[in-house]
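So the chains spell out like this:
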Amino acid sequence: MLWWLLPAAAVWIFFHYRYFFQDVLSVLTKLRIYRRLLKYGETNYTVLERFVDAVKAHPQKPMLLFGGETFTYREAEQLSNRVARVLLQTGHVQQGDTVAVMVGNQPMFVWLWLGLVKLGCSAALLNIHVRSKSLLHCFNCSGAKTLLVAAELQEAVVEVLPTLLQQGVMVYILADTTSVEGLHSFTDKMNQVSSASLPKDMRSSLTLASPAVFVYTSGTTGLPKAALVTHSRLWAMALLPCASGMTSQDVIYTCLPLYHSSAFLGMAATIERGATMALRTKFSASQFWDDCRKYDVTVIQYIGEIMRYLCNTPQKANDRNHKVRLAVGNGIRADVWRNFIQRFGNIRITEFYGATEANVSFLNLYGKIGAVGRDGYLNKKLFPYAVIQYDVDKEQPVRDLNGFCMEISKGESGLLISKISQRAPFLGYAGDLKQTEKKRLHNVFVEGDVYFNSGDLVTIDKDDFIYFKDRVGDTFRWKGENVATTEVADVLSKAECIAEASVYGVEVPGQEGRAGMAAVSLRAGRAFDSSAVFQHVSSLLPSYARPHFIRIQTSLEVTSTFKHTKVKLTEEGFNPNHVKDPLYFMDEREKIYVPLTLDAYTAVLSGKIRF
């Protein structure tokens, strides 16, 4: 017996293969999750079926905590049954339909989705901040004929109601009454129907390949795209917190918008684990830890901006007085990561990478600060991906003399792509074949292969850890949202004084992502109306998409194909030492764009002026 050699072998492995044991643990975790996905697939077991089983297993267990209210699994079952019966009673919703939902973070969001799935339907999750043209676009590309709207968002819907009614759309307001002609009340009808369970044959056509939700994401077209999430894909998302160590005893805190996949996966994970979710209407840095203490939160969801905001709050004596042990999310900077755990305690941060529509994802189970995952054999074997050379100026992959793409070397930045296959499909965008095709790369390494273009630049270090670097194309990320530059430019060009606009993102020291900046030319004979432009963008764009900086130019430089050139503009940024054109920045307190002086520029860099 050579058992005595085992300790020596372990030491040798540790020094020569530093991450060997963590790699083994990571592989076992991923295999366990993969086997579970296969099992669910064999039995056509959806998140809804898991919810029904959870109701039977622990009906009195709290499922949802909101404000001062507590909803048990049984109550969630009954309320979602009422939602389903009201929808059924209208006669306008049938099995297989998609219903548009424009609701913020509130319990009704959960009951609506569960109720829709009980009818074999899917939900198109509209961003509650979209308005006018964007709202109509989002609704129409979903194919829905019914719209459910929160009472506080009635005004946004009234703006486009004539068009919706002309299209034969049924619009329901989540209120007991409504005085607006063409709108129908909804919650009053819930009190008039039974809370009894619905027959399973009401969703007989439902499979794991059926749509569960449509989640909207910004793209290069300038308008949001509806990414299809099947019930199978939803399972893969829901199991991310599970792989991170979330259990049935956990209370997960969600203050991100449920209409985004980041938070929606938290809701699905709560059901999968049979756990409890504490829900907040929207993020509040000052109330975050008070909520965690109030609800005995053990798991939090985050995006990078949330963690930075929390680190920037004034320090308190009770900063470590909480039960949070796990944080799951994406987009946290390395410096914020370090500051967060130093200040708030030894909380395990599990960073992941994965877009809603992407067929590739990574999960950092190593605690490696700044990384989104690890370039492992199992990942590549099950879901082949590559990082290829990319020309940022030409906005296209670099190809060799044979026309094939080339992988990067360690330490370089490149475009992340993932092979499209039956195991890793790319489902595309509802009602937008053109944008779906733009995300496909053909003949990448051999003739006939097809890869998904993530639109993200990443790098892989010498230890095989993967790091997100930047977005490519006509989008940039700000406040946890992808901003479509063409959509913002389109809105700006409709301002009375602006003739043309080119929008791009610029780095601001101490801030996550890139802040919006626009180079604009003015209409003949018009001066820049800083107050009117502020009002214009504030009324037509969500807060994260509004340009923080504006540069006035006599004309905008374009390519031979009339595309705006942005590389030089982005490099020059908003530094008045380098930019001789007039510069303005958004003063949200005074509700106006004001000249960006050297003093103001210094204040932005130092953090005295914040966005």
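Refer to the structure printed above.
Predicted model, so just to flag it, every value in this text is computed and none were measured.

Draft legend 1. Examining the nonpolar core more closely. Counting 136 residues, the largest nonpolar core has Phe51, Met102, Trp113, Leu147, Phe186 and Phe340 as its most contacted members. Residue contributions to this core peak at nine residues, all from helix H5 (residues 107–118). Beyond its immediate chain neighbours, meaning those up to four positions away, phenylalanine 51 contacts Met63, Tyr73, Ala76, Glu77, Ser80, Leu114, Lys118 and Ile271. One finds Phe476, Leu492, Ile498 and Val533 within the second-largest nonpolar core, a separate group that totals 44 residues.

Draft legend 2. Broad picture of a nonpolar patch on the surface. Taken together, the side chains of Phe20, Phe21, Val24 and Leu28 present a nonpolar region at the surface, about 350 Å² in accessible area. Of note, leucine 28 is situated in helix H2 (residues 20–43).

Draft legend 3. Layout of the state of the cysteines. Summed over the entire model, instances satisfying the criterion amount to zero disulfides. Cysteine cysteine 138 shares no disulfide, and the gap to the nearest cysteine sulfur, in cysteine 141, comes to 5.8 Å. Of the cysteine sulfurs around cysteine 255, a residue in no disulfide, the closest is that of cysteine 292, at 8.2 Å. Note on cysteine 255: relative accessible area 3%, which makes it buried.

Draft legend 4. Broad picture of unusual backbone geometry. Unlike most non-glycine residues, asparagine 443 shows phi in positive territory, near 50 degrees. Within the element layout of this structure, asparagine 443 appears in the loop between strand S21 (440–442) and strand S22 (450–460). Overall, the relative accessible area of 28% leaves asparagine 443 in the partly exposed class. Positive phi is not limited to glycine here, since lysine 591 has a value of about 55 degrees. Residue position: lysine 591 is located in the loop between strand S29 (583–587) and strand S30 (592–595). Looking at lysine 591, the relative accessible area reads 48%, which means it is partly exposed.

Draft legend 5. Quick peek at helix H4 (residues 73–90). With 18 residues, H4 extends 26 Å between its outermost C-alpha atoms, agreeing within 8% with the 26 Å of an ideal straight helix rising 1.5 Å per residue. Among all positions of H4, only Tyr73, Ala76, Glu77, Ser80, Asn81, Val83, Ala84, Val86 and Leu87 are buried. Just downstream of H4, glycine 91 is the residue with a positive phi angle, here 80 degrees.

Draft legend 6. Here's a closer look at the environment of arginine 374. Along the chain, arginine 374 turns up in strand S16 (residues 373–374). The exposure class assigned to arginine 374 is buried, which follows from its relative accessible area of 12%. Separated by 86 residues in sequence, arginine 374 and isoleucine 460 place their C-alpha atoms 8.3 Å apart. Those residues in contact with arginine 374, other than ones at most four positions away along the chain, are Tyr19, Asp23, Tyr366, Asn379, Tyr385, Asp463, Asp464, Phe465 and Ile466.

Draft legend 7. Fine view of the pattern of salt bridges. Per the counting criterion, the structure on display carries 26 salt bridges. Arginine 273 serves as the salt-bridge partner of glutamate 272, at 2.7 Å between the closest nitrogen and oxygen. Classification of glutamate 272 as buried rests on a relative accessible area of 3%. Between arginine 333 and glutamate 512 there is a salt bridge, with its nearest N and O atoms 3.9 Å apart. Separated by 179 residues along the polypeptide, arginine 333 in the loop between strand S13 (326–330) and helix H14 (334–344) and glutamate 512 in the loop between strand S26 (498–506) and strand S27 (515–522) bring together distant segments of the chain. For glutamate 512, a relative accessible area of 8% gives the class buried.

Quick notes on the rules
- Residues numbered from 1 in each chain as written.
- Predicted model: local features only at pLDDT ≥ 70, side-chain atom pairs only at ≥ 80, totals over all residues.
- Heavy atoms only, no water.
- Core = buried A, V, L, I, M, F, W, Y, C linked by side-chain atoms within 4.5 Å.
- Buried < 20%, exposed > 50% of the residue type's maximum accessible area, 1.4 Å probe, protein only.
- Helix = DSSP H or I, 4+ residues; strand = E, 2+ residues; numbered from the N terminus.
- Contact = heavy atoms within 4.5 Å.
- Patch = residues over 30% accessible without salt bridge, like charges linked within 9 Å, V, L, I, M, F, W, Y side chains within 5 Å.
- Areas by Shrake-Rupley, 256 points an atom, 1.4 Å probe, with all protein chains shown as cover.
- Salt bridge = Lys/Arg side-chain N within 4 Å of Asp/Glu carboxyl O.
- Disulfide = S-S within 2.5 Å.
- Expected span 1.5 Å × (residues − 1).

Remember, this is a structural readout, not a statement about activity or role.
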